[in-house]
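Summary of the model geometry
Here is how the chains run, residue by residue.
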Amino acid sequence: MIDFFKVHGNGNDFVVLDNREGRFSDADLSAAATALCRRRSSIGADGLMAVEPSREADFRMRIFNADGSEAAMCGNGARALARYAYERGIAPSPMRFETGAGTIEAVVEPPFAELDMGRLDLARGLFGRSLRVGGVTFPFVFLTVGVPHCVLLTDEAYSRDAMREMGHGARHDTELFPDGANVTFARRTPDGEVWAVTYERGVEDLTESCGTGCVAVAVAAVLVWGMDLPVRVANPGGVNTVRLEFAPGNGSVRAWLKGRTALVASGQLLEDAWS
């Protein structure tokens, strides 16, 4: 029998496996992600996360997309895993844990978890550019928040089908994004928030929320739209609050990401979950 937990951060949901004893190889975790993340026929999730030991921090986070590919970082996943680690007695609050994008710190105050995302290099980002996709031309911002993000800035509201189609097209624009990109549609709202929906690389669909996407949106909102800090980014699954601290000249920025988390289920995986 294999024990599992199901967690989510603002609707961005994950299966969690405890791999501190090294029970699962990299190939096992990749295969588990493709099997267990299938909705309606298995547990169903946007991705799979594994907790592993670390010599430098409280633990190591591994994250695998629903297609089995390993990701360096996921903001909502990291927040949800921090809540899991805190509730399970794996780490205190504040805690430090390794990710593929470096070691980060989290503060957990259930149901909220806030990540110190560290400093992001804006000098390697793309600003002041336009991208035409699906017959529409968008101003966009591209930057890396652990993983690559393309933020499409718009004043229009699009259907989920339209965003799915355009997001798929932009995500595969290898001329602009050789490694692909998460694609977020960002729109200002009358109440001073930003409404954002992300087409996630690896999930290959729209998700209810994207934490690293929210950070990218917040940076774009401040630098392009001149919005005040902190920036509240509303996703279909909930609201993330992003604090930013820009270096002189805006060559880099330090970011913090805060939002709700939930531990929704625990149990044992049966044979049919894998088949």
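As a convention, each chain's residues are numbered from 1 in the sequence order in which they are written. For a predicted model such as this one, the threshold for reporting local features is a pLDDT of at least 70, and the threshold for listing and counting side-chain atom pairs is 80 or more; totals across whole chains, interfaces and linings nevertheless cover every residue. Excluding hydrogens and water, the side-chain figures rest on all heavy atoms present in the structure.

**A short note on the pattern of salt bridges**
When a carboxyl oxygen of Asp or Glu is within 4 Å of a side-chain nitrogen of Lys or Arg, the pair counts as a salt bridge. As enumerated under the stated definition, the model contains 19 salt bridges in all. A salt bridge links Arg-60 to Glu-52, with the shortest nitrogen-to-oxygen separation between them at 3.2 Å. Between Glu-193 and Arg-232 there is a salt bridge, and its shortest N-O distance comes to 2.8 Å. In this pair, Glu-193 sits in the loop between strand E12 (182–188) and strand E13 (194–200) while Arg-232 sits in strand E15 (residues 231–235), placing the two residues 39 residues apart along the sequence. Looking at Glu-193, the relative accessible area reads 14%, which means it is buried. For Arg-232, a relative accessible area of 40% puts it in the partly exposed group. Via salt bridges that share partners, Asp-26, Glu-52, Arg-60, Arg-62 and Glu-70 belong to a single interconnected network. Per the convention used, a helix needs a DSSP run of H or I reaching at least four residues, while a strand needs a run of E reaching at least two, with both numbered from the N terminus. Summary of the burial criterion: residues with accessible area below 20% of their type's maximum are buried, those above 50% are exposed, and those between are partly exposed, where the area comes from a 1.4 Å probe applied to protein chains only.

**Some details on unusual backbone geometry**
Across residues other than glycine, the phi torsion is negative in most instances, and most of the peptide bonds are trans. The amide bond that connects Pro-110 to the next residue, Pro-111, takes the cis arrangement and shows omega of 5°. With respect to the secondary-structure elements, Pro-111 resides in the loop between strand E7 (102–109) and strand E8 (112–121). For the bond running from Leu-229 to Pro-230, omega is -10°, close enough to zero to count as cis. Inspection of the secondary structure assignment puts Pro-230 in the loop between helix H4 (211–225) and E15. For Asn-10, which is not glycine, the phi dihedral falls at a positive 55°. On the secondary structure map, Asn-10 appears in the loop between strand E1 (2–9) and strand E2 (12–18). Asn-10 sits in the buried class, given a relative accessible area of 4%.

**Examining the nonpolar core**
Counting 56 residues, the largest nonpolar core has Phe-59, Met-95 and Phe-97 as its most contacted members. A per-element tally of this core places H4 first, with ten residues. Phe-177, Ala-181, Phe-185 and Tyr-199 belong to the second-largest nonpolar core, a separate cluster that totals 17 residues. By nonpolar core is meant a set of buried Ala, Val, Leu, Ile, Met, Phe, Trp, Tyr and Cys residues that side-chain atoms within 4.5 Å join together.

**Describing the packing of aromatic side chains**
For Phe, Tyr and Trp, rings pair up if their centres lie within 6.5 Å, where Trp contributes its six-membered ring, and each pair is then called stacked (planes under 30 degrees apart), edge-to-face (over 60) or tilted (otherwise). Under the criterion given, the structure shown has seven aromatic pairs. Taking the centre distance of 4.8 Å and the plane angle of 5° together, the rings of Phe-59 and Phe-97 count as stacked. Taken together, the residues Phe-59 in strand E4 (residues 59–65) and Phe-97 in strand E6 (residues 95–99) connect sequence positions 38 residues apart. The buried category is assigned to Phe-97, whose relative accessible area is 0%.

**Here's the deal with helix H1 (residues 26–36)**
Since the α-helix advances by 3.6 residues per turn, residues separated by three or four positions end up pointing in the same direction. Of all the residues in H1, the buried ones are Leu-29, Ala-32, Ala-33, Ala-35 and Leu-36. Contacts: residue pairs with any heavy atoms within 4.5 Å of one another. Considering only its buried residues, H1 is in contact with E2, strand E3 (47–52), E4 and strand E18 (262–269).

**Details of the environment of Thr-103**
Within the fold, Thr-103 resides in strand E7. Residue Thr-103 is classed as partly exposed on the basis of its relative accessible area, which comes to 36%. The spatial distance from the C-alpha of Thr-103 to the C-alpha of Glu-175 is 31 Å, given a sequence separation of 72 residues. For Thr-103, the residues in contact, after removing those within four places along its chain, are Glu-56, Ala-57, Arg-96, Phe-97 and Glu-98.

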